[in-house]
Amino acid sequence: MPKKLGRLSLMMFLQYAVWGAWLPLAARYLTASTGEGGLGFTGTQMGTILGLAGSIGAIAAPFIAGQFADRRFSTERFLAFLLAVGGVVKWVTATQTSFSAWLLLSIVYSVVYMPTLALSNSMAFAHLTNRDRDFGKIRVWGTIGWIAASWIFPMIYLQSGLHFTWMPPFLVGPELPNVTHRLADSLRFSALISWGYALFCFALPHTPPRRDGVEPLAFAKAFRLLRVRSFAILVAASLPISIIHQVYFLQTPPFFSRLGLLDSQIGPAMTIGQFSEIIIMALLGVLLVRLGFRTVITIGAFSYFVRYLIWSFPTLPVGVLVGSQFLHGICYACFFAGAYIYTDRVAPPDVRHSAQTVFGILILGGGPVLGGVLSGWLADSYANVGGQVEYGALWRVVSLIGLFAAVFFWALFRERKAPDGTAAAGEPGEVAPA
């Protein structure tokens, strides 16, 4: 088991390094003016690329990941195929400058990358004997991978003459010429990681498909999990949280730029949240046992409210505003990681791949589209005469959405008990999945 845990941990490291290499920098590169070296896209265009494209991939994921990995191919080989193709798409995208090309390639990329998130989760769950206790220990390496990718790229490609400073990644230096234009190479960096990850997949534990005694359409059976009251409440609360989670990725880079951070500092500064995520992920199993899913997930939702409330006062010291990123790790680890574990708990064994994608279709499907629309609407609604966004008002609206989700979940969610870590019998008043 220790050897297997090591391979699963490295899988998570690479899974999120692929994503962390480019996503924190994308909004800044897409919206920076052509004179600065960016692509000069509007806020709406940026929201469409990062929102709609990701949503299409998430919507396709129940069939791509569930139907093929649950029914036809071993998970590790199918994962390798998707990652290899995704690396090619990312490399080509880095050469494009038009909105139409970026949108098309981003859609293609999301279709092949989004299913890998569910596949890596379900593979980890398939090989863990105590999922509630051990998943956090595995998933924390994904956070470390995100941090590593977010640091390494600016350190080696955006700066020179590195020296110590108080802000992550603690080693910074003068920015190189045309630094904003160089942000495009973060996509190539992601592609290289993706290809390395694809090769590593062949060293992962073998996870064969289930062919016998199962329903032909895995994702159709997985969708029937919505009959389970607690899962339906979790999904309903996840939608507003996923919306404001998307607004975070769209608005935080330009917000940090407005605060005075350099382009090479934005990605590393956003990783402050990943530091706290490491701590919470390591403690997640204990927290779930001591506090239960209801309390832990509510803490995650409430942390969104608090972080955005702090940002609604942009005149606060920059150190306070950037340092409040520490709450982001609590947001993600408590809410989303807790939700993934609960999804695995209520799912029948033969559709666990698909169950992860059913949950993902909301947080990575509808949420990003609505988040992109909300982000664009707020940016337009709260722009001053000079076109600058009034971030105080923007973050106040977003914080209220987080508060609503936290109160809604706490008031209505009742945990389905499963002391042995397996799917439990239906709760009173629930219809168990067929």
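Residues numbered from 1 in each chain as written. Predicted model: local features only at pLDDT ≥ 70, side-chain atom pairs only at ≥ 80, totals over all residues. Heavy atoms only, no water.

Here the focus is the overall build of the protein. Counting its regular elements, the protein contains 16 helices and two strands. Here the analysis covers contacts within the protein between residues at least 6 apart in sequence; of these, 80% occur between residues at least 24 apart. For the protein, the accessible area works out to roughly 16100 Å², and carbon and sulfur atoms hold 69% of it. (Helix = DSSP H or I, 4+ residues; strand = E, 2+ residues; numbered from the N terminus. Contact = heavy atoms within 4.5 Å. Areas by Shrake-Rupley, 256 points an atom, 1.4 Å probe, with all protein chains shown as cover.)

Of all hydrophobic cores here, the largest spans 121 residues; its most connected members are M11, W19, L30, L50, F256 and W395. Here this core gets 15 residues from one element, more than from any other, and that element is helix 10 (residues 229–259). Those residues in contact with M11 that sit more than four places away from it in its chain are S120, M123, A124, Y197, F200 and L204. (Core = buried A, V, L, I, M, F, W, Y, C linked by side-chain atoms within 4.5 Å. Buried < 20%, exposed > 50% of the residue type's maximum accessible area, 1.4 Å probe, protein only.)

With that settled, the discussion passes to the packing of helix 4 (residues 75–93) against helix 8 (residues 185–200). The interhelical angle for the contact between helix 4 and helix 8, taken along N-to-C directions, is 165 degrees, at an axis separation of 8 Å. Compared by their axis directions, helix 4 and helix 8 come out roughly antiparallel. Between helix 4 and helix 8 lies a crossing of left-handed hand. Taking contact as the criterion, the partners of L79, A80, L83, A84, G86, G87, V88, K90, W91 and T93 in helix 4 are, on helix 8, L187, R188, S190, A191, L192, S194, W195, Y197 and A198. Its residues assigned to classes, the contact of helix 4 with helix 8 shows 12 nonpolar, five polar and two charged. (Axes fitted to C-alpha atoms, helices over the stretch in contact; angles between N-to-C directions. Parallel < 35°, antiparallel > 145°, perpendicular 65-115°, else oblique. Left-handed = near helix turned anticlockwise from the far one by under 90°. Nonpolar A, V, L, I, M, F, W, Y, C, P; charged D, E, K, R; others polar.)

Take unusual backbone geometry next. Even without a glycine there, the phi angle at N178 is positive, about 55 degrees. Among the secondary structure elements, N178 is positioned in the loop between strand 2 (171–172) and helix 7 (179–182).

The next subject is helix 14 (residues 326–346). The end-to-end C-alpha distance of helix 14, which contains 21 residues, comes to 31 Å, matching closely the 30 Å that a straight helix rising 1.5 Å per residue would cover. Within helix 14, 20 of the 21 residues are buried, leaving the element largely enclosed by the surrounding structure. (Expected span 1.5 Å × (residues − 1).)

One pass over the full model with this rule turns up 31 aromatic pairs. Consider the rings of W19 and W146, whose centres lie 5.9 Å apart with planes at 70 degrees: the pair is edge-to-face. Taken together, the positions of W19 in helix 1 (residues 2–20) and W146 in helix 6 (residues 131–157) put the pair 127 residues apart, joining distant regions of the chain. The same class applies to W19 as to W146, namely buried. For the ring pair F255 and F256, a centre distance of 6.0 Å and an interplane angle of 35 degrees mean the geometry is tilted. Both residues of the pair, F255 and F256, belong to the buried class. Stacked on the ring of Y157, the Lys or Arg R182 has its end atom at 4.5 Å from the ring centre. Positioned over the ring face of W311 is R307, at 5.0 Å from the centre of the ring. (Phe/Tyr/Trp six-rings, centres within 6.5 Å; stacked < 30°, edge-to-face > 60°. Lys NZ or Arg CZ within 6 Å of the ring centre and 35° of its normal.)

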